[in-house]
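# Analysis of the macromolecular model
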Amino acid sequence: MAFSLSAEALQRLYTDGRRNFRHAELLGAILAKFNLKGIDLSEANLAGADLTGANLEGARLIGANLTGAKLGAAKLSCALLEGANLETAELQRAELRYATYDGATRFTASFIPERAGMQRGSAGVIHKRTSVQSLASLVPPPTEEKTERPSPTPPAAAKSASPQWLYRGRPVVR
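We now turn to the structure provided with this report. These figures come from a predicted structure and were not determined experimentally. (Residues numbered from 1 in each chain as written. Predicted model: local features only at pLDDT ≥ 70, side-chain atom pairs only at ≥ 80, totals over all residues. Heavy atoms only, no water.)

## Digging into the pattern of salt bridges
As a reminder, the rule being used: Salt bridges are defined by distance alone: a side-chain nitrogen of Lys or Arg within 4 Å of a carboxyl oxygen of Asp or Glu. The helix and strand labels rest on DSSP assignments: H or I over at least four residues marks a helix, E over at least two residues marks a strand, and numbering proceeds from the N terminus. For the exposure calls, accessible area comes from a 1.4 Å probe over protein chains only, and a residue counts as buried if that area is under 20% of its type's maximum, exposed if over 50%, partly exposed in between.
Under the criterion given, the structure shown has two salt bridges. Salt-bridge contacts for Asp40 lead to Arg22; the nearest nitrogen and oxygen are separated by 3.9 Å. Of this pair, Asp40 sits in the loop between strand E2 (24-25) and strand E3 (100-101) while Arg22 sits in the loop between helix H1 (7-15) and E2, and the two are 18 residues apart along the sequence. Among the residues examined, Asp40 registers a relative accessible area of 11% and is labelled buried. With a relative accessible area of 26%, Arg22 lands in the partly exposed category. The partner of Lys37 in a salt bridge is Glu57, with the nearest N and O atoms 3.7 Å apart.

## Looking at the environment of Arg120
Going by this rule: Contacts between residues were defined by any pair of non-hydrogen atoms, one from each residue, lying within 4.5 Å.
Tracing the sequence through the fold places Arg120 in strand E4 (residues 119-120). In the structure, Arg120 is positioned 38 residues away from Glu82 in sequence and 8.7 Å away in space, judged by C-alpha atoms. Excluding residues that lie within four positions of it along the chain, Arg120 makes contacts with Tyr101, Asp102 and Gly103.

## Some thoughts on the packing of aromatic side chains
Defined as follows: To pair, rings of Phe, Tyr and Trp, with the six-membered ring standing in for Trp, must have centres within 6.5 Å; the planes then decide the type, stacked if under 30 degrees apart, edge-to-face if over 60, and tilted in the middle. Think of it as a cone above the ring: NZ of Lys or CZ of Arg counts as a charge over the ring if it is within 6 Å of the ring centre and within 35 degrees of the ring normal.
In total, this model carries two aromatic pairs according to the counting rule given. With a centroid separation of 5.8 Å and an interplanar angle of 75°, the aromatic rings of Tyr101 and Phe107 are classed as edge-to-face. Classification of Tyr101 as buried rests on a relative accessible area of 5%. For the pair Phe107 and Phe111, a centre-to-centre distance of 4.9 Å together with 35° between the ring planes defines the contact as tilted. One exposure class covers both Phe107 and Phe111, and it is buried. A cation over an aromatic ring shows up here: Arg19 above the ring of Tyr14, its NZ or CZ 3.8 Å from the ring centre.

Read these as geometric descriptors, not functional statements.
Here it is, written out as structure tokens:
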């Protein structure tokens, strides 16, 4: 469900600790130089937004619409951009090292993601199409192996009346 949000409201809510802004409508928002590190803007509409110099390190932009967005000098390192639409987005001097993309991510024709330090990944596809419960069902349950723990003292030493010290499992005589 999409909801409209002003740039000022986004900054205020982010400062108050909110990070989930999935499906937000931020069409043409001016977010230049905003600190939005770790924000979740998956499926958000940021078409024509000004994010020049914004800090979006580790941001989740899975399936986000960033057509015509100004991302010059924006910090997008480690951002998840799987399925995002970056056609006609301005990416000059944007820091994209370790940001991930997939086959559904759309760039301008001349943009080569690997040259910008981006990595092909699929973390967002798992997040987008699979629930945590269904992922848990793919992991086999842990097997419980019963192993007998060795007793702290050898049986012969345990019978003696005087306490003994052990060094590497052997009794130490004082």
